[in-house]
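Coordinate analysis (summary)
Chain by chain, the residues run as shown.
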Amino acid sequence: MISYVTLGVNNLTAAKAFYGALLGELGGKNLLDMGRIAFFGKSMAQPMLAVCEPFNKQPANPGNGNMVSFQPGSKEKVDALYHKAIALGASCDGAPGQRIENTFYGAYVKDADGNKLCFCHFG
């Protein structure tokens, strides 16, 4: 049902490098770059993440409660993505760990613009 999710950024070049390297770990790549917006994913037919300079030309800022979550397929891959994001300059917003026993394992970071990302595994 989801076509794409957009995150506003203030440094598009840096955001494209960050998300290109991070989502490359999941088989994603920059599928479409239109100047002020770039779409990352596995194919245009699957859900994508877009990073963009805001259309209104005002500074980008994250919404309170907004978050994008990625499900890489295992707890080990959650840990790997978390550490990759930190190495790429993200800040910790919740180290990897079991949040709900036998149900939800997650890790949280914020990118350079303060956008919150989650890496999770259900089970």
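First, a word on scope: everything that follows refers to the structure included in this document.

Conventions we followed
- Residues numbered from 1 in each chain as written.
- Predicted model: local features only at pLDDT ≥ 70, side-chain atom pairs only at ≥ 80, totals over all residues.
- Heavy atoms only, no water.
- Phe/Tyr/Trp six-rings, centres within 6.5 Å; stacked < 30°, edge-to-face > 60°.
- Lys NZ or Arg CZ within 6 Å of the ring centre and 35° of its normal.
- Disulfide = S-S within 2.5 Å.
- Buried < 20%, exposed > 50% of the residue type's maximum accessible area, 1.4 Å probe, protein only.
- Pairing = 2+ DSSP bridges.
- Helix = DSSP H or I, 4+ residues; strand = E, 2+ residues; numbered from the N terminus.
- Axes fitted to C-alpha atoms, helices over the stretch in contact; angles between N-to-C directions.
- Salt bridge = Lys/Arg side-chain N within 4 Å of Asp/Glu carboxyl O.
- Core = buried A, V, L, I, M, F, W, Y, C linked by side-chain atoms within 4.5 Å.
- Contact = heavy atoms within 4.5 Å.

**Describing the packing of aromatic side chains**
Within the structure shown, the criterion is met by four aromatic pairs. Its guanidinium or amino end placed over the ring of tyrosine 108, lysine 116 lies 5.2 Å from that ring's centre, counting from NZ or CZ.

**Considerations on the state of the cysteines**
Going through the model one piece at a time under the given rule, you end up with zero disulfides. The structure places no disulfide on cysteine 118, whose sulfur is separated from the nearest cysteine sulfur, that of cysteine 120, by 4.6 Å. Its relative accessible area of 1% is what places cysteine 118 among the buried residues.

**A few points about the sheet that holds strand S5 (residues 68-70)**
Pairing is mixed in the open sheet, where four strands are placed in the order S5-S8-S7-S6. Unpaired on one side and paired on the other, S5 and strand S6 (91-100) mark the two borders of the sheet. The mean angle between the axes of side-by-side strands here comes to 20 degrees, regardless of whether they run parallel or antiparallel. Taken together, the three bridges between S5 and strand S8 (residues 116-122) define a ladder with parallel strand orientation.

**Examining the pattern of salt bridges**
Under the criterion given, the structure shown has three salt bridges. With a shortest N-O distance of 2.7 Å, lysine 16 and aspartate 33 are connected by a salt bridge. Residue lysine 16 is found in helix H1 (residues 12-24), and its partner aspartate 33 is found in strand S2 (residues 29-33); the two are separated by 17 residues along the sequence. Here aspartate 33 falls in the partly exposed class, since its relative accessible area comes to 40%.

**Let's talk about the pairing of strand S7 (residues 104-110)**
The element S7 is extensively covered by neighbouring structure, given that six of its seven residues are classed as buried. Inspection of the sheet shows S6 paired to S7 by six bridges, in the antiparallel sense. Across the sheet, the residue bridging to isoleucine 100 is phenylalanine 104, located in S7. Hairpin connection between S6 and S7: a loop of three residues separates the two successive antiparallel strands, and asparagine 102 in this loop has a positive phi of roughly 60 degrees. Taking the residues between adjacent antiparallel strands as the criterion, S7 and S8 are bridged by five residues, where glycine 114 takes a positive phi near 90 degrees.

**Considerations on the nonpolar core**
When a protein is soluble and globular, its nonpolar side chains tend to lie buried together. Counting residues in hydrophobic clusters, the biggest one holds 24 residues, and the most contacted among them are Tyr19, Val51, Leu117 and Phe119. When residues of this core are traced back to their parent elements, those giving at least two are H1, strand S3 (37-41), strand S4 (48-52), S5, helix H2 (75-87), S7 and S8. A total of six residues in this core trace back to one element, the largest contributor, which is H1. Discounting chain neighbours no more than four positions away, the residues touching valine 51 are Leu7, Val9, Leu12, Ala15, Lys16, Tyr19, Arg36, Ile37, Ala38 and Phe40. The next biggest cluster of nonpolar side chains, apart from the first, holds five residues, and it includes Ile37, Phe39, Met48 and Ala50.

Nothing here speaks to function; it is geometry throughout.
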